[in-house]
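Close look at the chain arrangement
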Amino acid sequence: MEVKLVVVAIVMLGVLEGMVMAEVSLCNMSEEDLMNCKPAVTKPNPVDPSPECCKAVMGANLKCLCSYRNSLWLPALGIDPHLAMQLPPKCNIIPPTNC
């Protein structure tokens, strides 16, 4: 019985990892784009967004990203949703309405 539970846990972790990796490349932002912005959206000491981060935000589908603001995915990736919502204005980008 314990062996079956271990196998199920390993399979579930593999599925979860695949889902996280799929989420890392989303809304027209690659994993590299997200990593460029991570210092600006990570507590406890966020920094101002870099030019590379702002370029990534400019190319992102912001309405799509808005749909993740209350999701558990951002915190699971170490991203503070409140700080993430501040990126467009900090990059002089008009955020979408109703976001």
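It should be noted that the structure appears before, not after, this text.
Counting of residues starts from 1 at the beginning of each chain's written sequence and follows it residue by residue. Local features are withheld for residues below a pLDDT of 70 in this predicted model, meaning they are given only at 70 or higher, and side-chain atom pairs are given and counted only at 80 or more; totals for whole chains, interfaces and linings count all residues. Hydrogens and water are ignored here; the side-chain numbers use all heavy atoms of the structure.

Quick look at the overall build of the protein chain now. On a plain count of helices and strands, the protein chain comes out with seven helices and zero strands. Helix and strand definitions follow DSSP, with helices as H or I runs of at least four residues and strands as E runs of at least two, each counted in order from the N terminus. In sequence order, the secondary structure elements of the protein chain are arranged as α-α-α-α-α-α-α. Looking at the protein chain as a whole, 29% of its 99 residues qualify as buried. For this analysis, residues touch if any pair of their heavy atoms sits within 4.5 Å. Taking the contacts inside the protein chain whose residues are at least 6 apart along the sequence as the reference set, 68% of them involve residues at least 24 apart. Throughout this description, buried means an accessible area under 20% of the type-specific maximum (1.4 Å probe, protein chains only), exposed means over 50%, and partly exposed covers the range between.

On to the state of the cysteines, then. Any pair of cysteine sulfurs within 2.5 Å is marked as a disulfide. For the coordinates displayed, the defined rule picks out four disulfides. Between the sulfur of Cys27 and that of Cys64 lies a disulfide, 1.9 Å long from S to S. A torsion of -60° about the S-S bond marks the disulfide between Cys27 and Cys64 as left-handed. Of this pair, Cys27 sits in the loop between helix 1 (2-24) and helix 2 (31-37) while Cys64 sits in helix 4 (residues 62-66); the two residues are 37 residues apart in sequence, bridging distant segments of the chain. Since its relative accessible area comes to 9%, Cys27 is described here as buried. Between the sulfur atoms of Cys37 and its disulfide mate Cys53 the distance is 2.1 Å. Linking Cys37 and Cys53, the disulfide has an S-S dihedral of approximately 110° and is accordingly described as right-handed. Placement of the pair is Cys37 in helix 2 and Cys53 in helix 3 (residues 51-59), with a sequence separation of 16 residues. Taken individually, Cys37 and Cys53 each receive the classification buried, so the pair is uniform in this respect.

Attention shifts here to unusual backbone geometry. Note that the residue after Lys43, namely Pro44, is joined by a cis bond; omega there is 10°. Position of Pro44 relative to the elements: it lies in the loop between helix 2 and helix 3. Of note, Asn28 is a non-glycine position whose phi angle comes to about 65°, a positive value. With respect to the secondary-structure elements, Asn28 resides in the loop between helix 1 and helix 2.

Grouping buried Ala, Val, Leu, Ile, Met, Phe, Trp, Tyr and Cys residues that are joined through side-chain atoms within 4.5 Å yields what is termed a nonpolar core. By size, the foremost hydrophobic cluster in this structure holds 20 residues, and its most contacted members are Met29, Cys37, Val57 and Leu87. Secondary structure elements with two or more residues in this core: helix 2 and helix 3. Considering every element that reaches this core, the biggest residue donor is helix 3, with four residues. Each residue touching Cys37, except ones within four places of it in the same chain, is listed here: Met29, Cys53, Val57 and Leu87.

Salt bridges, as used here, are contacts in which a Lys or Arg side-chain nitrogen is within 4 Å of a carboxyl oxygen on Asp or Glu. A full pass over the atoms with the stated rule returns one salt bridge. With a shortest N-O distance of 3.5 Å, Asp80 and Lys43 are connected by a salt bridge. One end of the pair, Asp80, is in the loop between helix 5 (73-76) and helix 6 (81-85); the other, Lys43, is in the loop between helix 2 and helix 3, and 37 residues separate them in sequence. Judged by its relative accessible area of 15%, Asp80 is buried. Relative accessible area serves as the criterion here: at 57%, Lys43 is assigned to the exposed category.

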